[in-house]
Amino acid sequence: MPSTPSPPCTRRAPDAGAEAAIEVGGLGKRFGRVTALDGVDLTVPRGTVHGLLGHNGAGKSTLVGVLATLVRPTRGTVRVAGHDALRHPERVRRRIALTGQRTTLDLTMSGRGNLLMTARLLGAGRRAARTRAGELLDAFGLAAAADRPARTYSGGMLRRLDLAMTLVRRSDVVFLDEPGTGLDPASRLDMWDMVRHLTDLGTTVLLTTQHLEEADRLADVVTVLADGRIVATGAPEDLKRRIGRRSATAELATAEDTATAVRALAGAGLRPDGDHERRTVTVALDHDEDLAAVVRALDAAEVRPTRLTLSEPGLDQVYLALTGHRRTEAR
Ligand SMILES: Nc1ncnc2c1ncn2[C@@H]1O[C@H](COP(=O)(O)OP(=O)(O)OP(=O)(O)O)[C@@H](O)[C@H]1O
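Please read these numbers as outputs of a predicted model, since none were measured by experiment. (Residues numbered from 1 in each chain as written. Predicted model: local features only at pLDDT ≥ 70, side-chain atom pairs only at ≥ 80, totals over all residues. Heavy atoms only, no water.)

Before going further, it helps to spend a moment on the packing of helix 3 (residues 111–121) against helix 4 (residues 126–139). Packing of helix 3 against helix 4 brings their axes to within 9 Å, and their N-to-C directions diverge by 135°. Taken together, the axes of helix 3 and helix 4 lie oblique to each other. Classified by chirality, the crossing of helix 4 by helix 3 is right-handed. On helix 4, the residues that touch Gly 111, Arg 112, Leu 115, Leu 116, Ala 119 and Arg 120 of helix 3 are Arg 126, Ala 129, Arg 130, Ala 133, Leu 136 and Leu 137. Split into classes, the residues belonging to the contact of helix 3 with helix 4 amount to seven nonpolar, one polar and four charged. (Axes fitted to C-alpha atoms, helices over the stretch in contact; angles between N-to-C directions. Helix = DSSP H or I, 4+ residues; strand = E, 2+ residues; numbered from the N terminus. Parallel < 35°, antiparallel > 145°, perpendicular 65-115°, else oblique. Left-handed = near helix turned anticlockwise from the far one by under 90°. Contact = heavy atoms within 4.5 Å. Nonpolar A, V, L, I, M, F, W, Y, C, P; charged D, E, K, R; others polar.)

What follows is the structure, encoded as structure tokens:
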């Protein structure tokens, strides 16, 4: 755990005055006949977490590759951490960190040893390296295990050490790929806390994830890419409000009740979706008055649901509505 953990769901207001950490305009990238990015405009304010969502092949890795100066775009402008990434990629590289799901740890060495070695390789003096390693071990809740070989660490501890390794050099922008993947629920929450903690230190995080809960919990703003274009961008709550739908689901006692409920709700001008096998009927609540209409229609038809549940829209639903793709869970 970080020494001063931030609440996991703190949302940050963009700092309008400050220069954005990432600014991309009219970005295009073609690989032969494949258009991987097609006119992407993106601004990420400093000190925020930005979630990048998209189906397989949507262009996420290409976009991160361009931002991290690993892929040269076909057209467009790219500024990262205050530098033009196309004209001065080396300046950008000094200000960013990129973590994948592969760990580059030496498991025979201790956590401290790994951090010290990386700091020294990056040119830090002995004392500066020790100080930085100590800070990171504290911040990532690894101080007690600092001098044990990393092979004795749990999966969650290794992921934390891996993230700490990418932060040995202080970076303005950190690119993270699915930080919660492969962790048990408690370690995943710890990891999310840790990512939020990065923004407390002024770091900007661009998070690529297929896990919508991760994006929902972590990101101040989410951008949804589909086929190389941005199809939506906004705070998760805004996207859910704008694109998602509330719905009510009635569970019925018998197949006959289910059929009656579907008829009654359709007769009331609603759009029921009956699942006769499960004996449920779901109705999208497009208007404020629709919930009352559901109850009235069922009552008038003398159908008594065994249960009536209300569902608030999730990011899953938003994603599906925007991209037509179901998310692929890799967990
Ligand atoms: N080096 C390359 N050569 C040819 N085509 C490429 C190359 N890199 C990416 N592409 C293509 O560009 C498109 C976008 O790929 P990209 O890897 O950016 O998507 P992604 O959203 O990261 O997908 P995933 O979630 O599967 O990693 C895809 O059609 C992909 O096949």
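Moving on, there is more to tell.
As a matter of local geometry, the ligand sits amid Phe 31, Val 34, Ala 36, His 55, Asn 56, Gly 57, Ala 58, Gly 59, Lys 60, Ser 61, Thr 62 and Gln 210. A distance of 2.8 Å is found between an oxygen atom of the ligand and a side-chain nitrogen or oxygen belonging to Lys 60. Relative to its unbound accessible area of 630 Å², the ligand is 57% covered by the protein chains. Where the shell around the ligand is concerned, the elements lending two or more residues are strand 2 (34–44) and helix 1 (60–67). Ranked by residue count, the leading element in the shell around the ligand is helix 1, at three residues. (Near = heavy atom within 4 Å. Polar contact = N/O pair within 3.5 Å; in protein donor to acceptor, adjacent residues only side chain to side chain. Areas by Shrake-Rupley, 256 points an atom, 1.4 Å probe, with all protein chains shown as cover.)

A few words now on the environment of Ala 321. With respect to the helices, strands and loops of the structure, Ala 321 is situated in helix 11 (residues 315–323). Its relative accessible area of 54% is what places Ala 321 among the exposed residues. Sequence separation between Ala 321 and Leu 115 is 206 residues; the distance between their C-alpha atoms is 44 Å. (Buried < 20%, exposed > 50% of the residue type's maximum accessible area, 1.4 Å probe, protein only.)

Let's shift gears to the nonpolar core. Ranked by size, the top nonpolar core spans 35 residues in total, and within it Leu 115 and Phe 140 carry the most contacts. Looking at this core, the elements with two or more residues in it are helix 3, helix 4, helix 5 (155–166), strand 7 (173–177), helix 6 (185–200) and strand 8 (204–208). In contact with Leu 115, not counting residues within four places along its chain, are Ala 133, Leu 136, Leu 137, Leu 161, Ala 164, Met 165 and Val 168. Core analysis: the next-biggest nonpolar cluster, separate from the first, contains 25 residues, Ile 22, Leu 27, Val 80 and Leu 206 among them. (Core = buried A, V, L, I, M, F, W, Y, C linked by side-chain atoms within 4.5 Å.)

This part is about helix 3. Along helix 3, the residues classified as buried are Gly 111, Gly 113, Asn 114, Leu 115, Leu 116, Thr 118 and Ala 119. In the core, the buried residues of helix 3 are packed alongside helix 4 and helix 5. Positioned one or two residues after helix 3, Gly 123 has a phi angle of 100°, which is positive.

Attention now moves to the domain arrangement of the protein. Examined at the domain level, the protein breaks down into domain 1 (22–241) and domain 2 (245–312). Distance between the C-alpha centres of domain 1 and domain 2: 44 Å. (Domains from an automatic or database assignment.)

A separate point is the sheet that holds strand 1 (residues 22–31). The sheet built from four strands is open, its strands ordered 2-1-4-5 with antiparallel pairing. In this open sheet, the two strands that pair with only one neighbour each are strand 2 and strand 5 (83–84). Relative to strand 4 (residues 75–80), strand 1 runs antiparallel, the two being bridged by five bridges. What sits directly across from Val 24, in strand 4, is Val 78. (Pairing = 2+ DSSP bridges.)

Another aspect to go through is the pairing of strand 1. In this sheet, strand 2 lies alongside strand 1 in antiparallel orientation, the contact comprising eight bridges. Within strand 2, the position partnered with Arg 30 by the bridge is Thr 35. The hairpin turn running from strand 1 into strand 2, its antiparallel successor, is two residues long, and Gly 32 in that turn takes a positive phi close to 60°.

Strand order across the open sheet formed by four strands is 12-13-11-14, with antiparallel pairing between neighbours. At either margin of the open sheet sits one strand with a lone partner, and together these are strand 12 (272–275) and strand 14 (307–311). Put simply, the sheet's adjacent strands are angled 20° from each other on average, direction ignored. Note that strand 11 (residues 246–251) and strand 14 share five bridges and pair antiparallel. Across the sheet, the residue bridging to Ala 248 is Leu 310, located in strand 14. Against the sheet, helix 9 (residues 255–267) touches strand 12 and strand 13 (280–285), its axis set at about 20° to strand 13. Set on the sheet, helix 10 (residues 290–300) makes contact with strand 11, strand 13 and strand 14; between it and strand 13 the angle comes to about 145°.

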